[in-house]
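Below, each chain spelled out in residue letters.
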Amino acid sequence: MAAKTTLNAKNLEALGAPRLAELLIEISTGSAANKRRLRMELAGNHSSAEIAREVRKRLASIARSRTVINWRKVKAFTADLETQRKTIADTVAPDDPKEALELVWQFLALADPIFERSDDGSGSIIQSFHQACADAGVIAKSAGVEKDVLADKIFAAVQNNDYGQYDPLIAAMAPALGRDGLDRLKDLLVQWSKEPEDKVAPGDRQIIGWSSQGPIYEDQIYGNHRELTVRIALQDIADAQDDVDAYIAQQPEKSRKMPLVATDIARRLLFAGRTAEALETLDAVDSKGHPDVPIEWQLARVEVLEALGRADEAQADRWTWFEQSLNDLHLRAFIRRLPDFDDMEAEEKAFVYAQAFPEVHRALAFFLRWPAMVEAAKLVQKRKAELDGDLYELMTPAAEAFAEKHPLAATIVLRSMIDFTLENARSSRYKHAARHLVECASLAPHVGDFAGVGSHDAYVAGLKSRHGKKQGFWSLVP
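Definitions and cut-offs
- Residues numbered from 1 in each chain as written.
- Predicted model: local features only at pLDDT ≥ 70, side-chain atom pairs only at ≥ 80, totals over all residues.
- Heavy atoms only, no water.
- Helix = DSSP H or I, 4+ residues; strand = E, 2+ residues; numbered from the N terminus.
- Rg over C-alpha atoms; globule rule 2.2 N^0.38 Å.
- Buried < 20%, exposed > 50% of the residue type's maximum accessible area, 1.4 Å probe, protein only.
- Contact = heavy atoms within 4.5 Å.
- Axes fitted to C-alpha atoms, helices over the stretch in contact; angles between N-to-C directions.
- Parallel < 35°, antiparallel > 145°, perpendicular 65-115°, else oblique.
- Left-handed = near helix turned anticlockwise from the far one by under 90°.
- Nonpolar A, V, L, I, M, F, W, Y, C, P; charged D, E, K, R; others polar.
- Salt bridge = Lys/Arg side-chain N within 4 Å of Asp/Glu carboxyl O.
- Pairing = 2+ DSSP bridges.
- Patch = residues over 30% accessible without salt bridge, like charges linked within 9 Å, V, L, I, M, F, W, Y side chains within 5 Å.
- Areas by Shrake-Rupley, 256 points an atom, 1.4 Å probe, with all protein chains shown as cover.
- Core = buried A, V, L, I, M, F, W, Y, C linked by side-chain atoms within 4.5 Å.
- Phe/Tyr/Trp six-rings, centres within 6.5 Å; stacked < 30°, edge-to-face > 60°.
- Lys NZ or Arg CZ within 6 Å of the ring centre and 35° of its normal.
- Expected span 1.5 Å × (residues − 1).
- Bend = angle between axes of the 7 residues up to and from the residue.
- Lys, Arg positive; Asp, Glu negative; His and termini not counted.
- Charge placed at Lys NZ, Arg CZ, Asp CG, Glu CD.

*Asks:* Please clarify how the overall build of the protein chain should be interpreted in this entry.
*Replies:* Counting secondary structure elements, the protein chain contains 26 helices and two strands. The C-alpha radius of gyration computed for the protein chain amounts to 30 Å, which surpasses the reference 23 Å derived for 478 residues by more than 25%, pointing to a less compact arrangement than a globule. Counting only C-alpha atoms and orienting by the principal axes, one finds that the protein chain spans roughly 80 × 70 × 55 Å. Taken across its 478 residues, the protein chain has 42% of its residues classed as buried. At a minimum sequence separation of 6, the contacts of the protein chain that also span at least 24 residues come to 62%.

This is how it looks when you write it as structure tokens:
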């Protein structure tokens, strides 16, 4: 049984309503968010209309605000947004879907003024708006709004999608729009695309890639901003209507030979049962402009080959791409399709290959991901001179992974980071290097044989000989 002081609903109920009310008043004092939540709950005791009125007031208040939302305030602000969004979807919508739909449109309209005054590196605010788009689709389905009216509303939103807040809107609204509503939206977009717009000035052209003929400009591929907006929206409509050809038609001829675009098209063709066309699309990629095709393209190609019954060819591609990149996704897929016992032989062959791979850090990352810690430790000990201590984003987790069972490998990795820091006088990293040295000291008693890398005491003596004058570092070493 839980103790009487354990915080749970049953124990709190025992305090009685009067005492709980006093505590809530006390806890909410000085907290605007808690007060708003309590007011919302009080409104809920009356009717969904009262709750809707409270939400509308709060949304209007947010729209009027000019306070900068810096990174410190993002979490609390997002929590406030989520409270309003969930209240609309979970409380207002079941009783009054039409009112809820109006509120969710009001919520979505907050995006522009919010992003103009916010600094959200976490992406939590935009996620709230994307979820509101999903809510809008569910609410609209039960609100019984006329298709044309709904299409007009969505069209207006898409025209003002400056921060990507409406990116999922068409897909979310597709069930409510139906075919007639989607056709209406398509007509509005096509009509808008035909209206004249200023050309992009030469100095404002943005390079988004390179081909064998030189730079590829954003306007060259996609046209102006309006054309791009229309193109993306029409692609969403094509997906909603399961119209692969309409989706392909929205891709300029040049962009169809870009690996990621070709992958998107091929996956849709594969889903539609047009497998041979999917392979043709993938193989039409401009390999001169893209010598290192992305893994998305590679995974799509082997999937298409499998669908065509060309499993042996797919396996050969997986192994080739593994050898090129040491990407474990290819090796895992390759091994999964092997008979029993052959998989162990293939894994051993892959490990031997990785041990001799020219880029030692890519090999180390592969062994850590697999995971194959014995192989990783062997690699580090054999090729310690090649380790780059500047790659702390790889070396730090490697040292942590080695520490328990492979203390010598952990020590070598830690020393690589210490050596880089001191040899390059990276004073901003001195505190980390000092911590690494302490970790080396704690690992030393567990290393049975330093295998030619020098004992911990010898290593420290060497550091003092070479970097003894770096007091900024030594002052941090216990």
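Picking up where we left off.
*Asks:* Even after reading the chapter, I still don't get the packing of helix α4 (residues 48–64) against helix α6 (residues 97–108), so can you show me in this structure?
*Replies:* Between two packed helices, the angle of one axis relative to the other and the distance separating the axes together describe the packing. In contact at an axis separation of 10 Å, α4 and α6 are set at 15° when each is read in the N-to-C sense. With respect to their mutual orientation, α4 and α6 come out roughly parallel. As α4 packs across α6, the resulting crossing turns out to be left-handed. Listed contacts from α6 to A52, V55, R56, L59 and A60 of α4 are E99, E102, L103, Q106 and F107. Residue composition of the contact of α4 with α6, grouped by class: six nonpolar, one polar and three charged.

*Asks:* Help me understand the pattern of salt bridges in this model?
*Replies:* Summed over all chains, the structure comprises 27 salt bridges. Here E313 and R310 are joined by a salt bridge, their closest N and O atoms 2.8 Å apart. Here E386 makes a salt bridge to R383, at a shortest N to O gap of 3.0 Å. Among the residues examined, E386 registers a relative accessible area of 39% and is labelled partly exposed.

*Asks:* Whenever I open this one, the environment of L422 confuses me. Can you help?
*Replies:* The topology assignment puts L422 in helix α23 (residues 407–423). Separated by 41 residues in the primary sequence, L422 and L463 place their C-alpha atoms 8.6 Å from one another. Ignoring any residue separated from it by four or fewer positions in sequence, one finds L422 in contact with Y430, L463, H467, K470 and F473.

*Asks:* Would you mind showing me how to read the packing of helix α5 (residues 71–95) against α6 here?
*Replies:* At a closest axis distance of 7 Å, the pairing of α5 and α6 adopts a crossing angle of 160°. Relative to α6, α5 is oriented roughly antiparallel. Pair α5 / α6 crosses with left-handed handedness. Of the residues in α6, those touching α5 at L81, Q84, R85, I88, V92, A93 and D95 are P97, E99, A100, L103, V104 and F107. Grouping the constituent residues of the contact of α5 with α6 by class yields nine nonpolar, one polar and three charged.

*Asks:* Just to check I follow, could you spell out the pairing of strand β2 (residues 214–217) for this structure?
*Replies:* Within a regular strand, the side chains alternate between the two sheet faces. Across four bridges, the pairing between strand β1 (residues 207–211) and β2 is antiparallel. Bridged to S211 within β2 is G214. Hairpin connection of β1 to β2: two residues between the antiparallel strands.

*Asks:* Got a minute to help me understand a nonpolar patch on the surface in this structure?
*Replies:* A cluster of nonpolar residues, L7, L12 and L15, forms a patch on the protein surface that exposes about 310 Å² of accessible area. With relative accessibility at 43%, the residue L15 sits in the partly exposed group.

*Asks:* Looking at this structure, how should I read the nonpolar core?
*Replies:* Among soluble globular proteins, nonpolar side chains are generally buried collectively. Within the largest apolar cluster, 54 residues are counted, with the highest numbers of intra-cluster contacts made by F129, I154 and L189. Elements represented by at least two residues in this core include exactly α4, α5, α6, α7 (111–116), α8 (124–143), α9 (147–159), α10 (169–193) and α12 (225–240). A365, F367, V380 and M417 belong to the second largest nonpolar core, which has 53 residues in total.

*Asks:* Teacher, can you tell me more about the environment of L338 here?
*Replies:* With respect to the element layout, L338 can be found in the loop between α18 (328–336) and α19 (342–355). Here L338 falls in the partly exposed class, since its relative accessible area comes to 22%. Spatially, the C-alpha atoms of L338 and Q315 are 9.4 Å apart, while their sequence positions differ by 23 residues. For L338, the residues in contact, after removing those within four places along its chain, are Q315, D343 and A346.

*Asks:* Hey, could you run me through the packing of aromatic side chains in this one?
*Replies:* On inspection of all chains with the given rule, the structure shows 17 aromatic pairs. Their ring planes at 45° and their centres at 5.3 Å tell us that W319 and F334 sit as a pair that is tilted. With a gap of 15 residues between them, W319 in helix α17 (residues 311–325) and F334 in helix α18 connect regions that are remote in the sequence. Accessibility classification places W319 together with F334 in one group, the buried group. Through a chain of ring-to-ring contacts, the aromatic side chains of W319, F322, F334, F351, Y353, F357, F366, F367 and W370 assemble into a single cluster. Note that R332 overlies the ring of W370, its terminal NZ or CZ placed 4.4 Å from the centroid. Between the NZ or CZ atom of K464 and the centre of the ring of W474, over which it lies, the distance is 5.7 Å.

*Asks:* What is the right way to read α10 from this model?
*Replies:* Three- or four-residue spacings in an α-helix give side chains the same orientation, since the helix completes a turn every 3.6 residues. End to end, α10 covers just 19 Å across 25 residues, shorter than the expected 36 Å (1.5 Å per residue, more than 12% under). Its axis deflected by about 110° at G178, α10 carries its strongest bend there. Of the residues making up α10, those classed as buried are L169, I170, M173, A174, A176, L177, G181, L182, L185, L188, L189 and W192. Buried residues belonging to α10 abut α6, α8, α9 and α12.

*Asks:* Where do I start with a negative patch on the surface in this structure?
*Replies:* Where like charges cluster on the molecular surface, the negative patch consists of D340, D342, E345 and E348. With respect to the element layout, E345 can be found in helix α19. Taking the relative accessible area as the measure of exposure, E345 reaches 57% and is therefore exposed.

*Asks:* Would you mind showing me how to read unusual backbone geometry here?
*Replies:* Backbone phi values are negative for most residues with the exception of glycine, while trans is the configuration of most peptide bonds. Across the junction of W370 and P371, the peptide omega takes the value -10°, indicating a cis bond. Tracing the backbone shows P371 in the loop between α20 (360–369) and α21 (373–382). Positive phi values are uncommon outside glycine, yet L326 reaches one of about 60°.

*Asks:* Any chance you could explain the side chain of D328 here in plain terms?
*Replies:* Topologically, D328 is positioned in helix α18. Looking at D328, the relative accessible area reads 10%, which means it is buried. Leaving out residues up to four positions away in the same chain, D328 has contacts with F366, R369 and W370.

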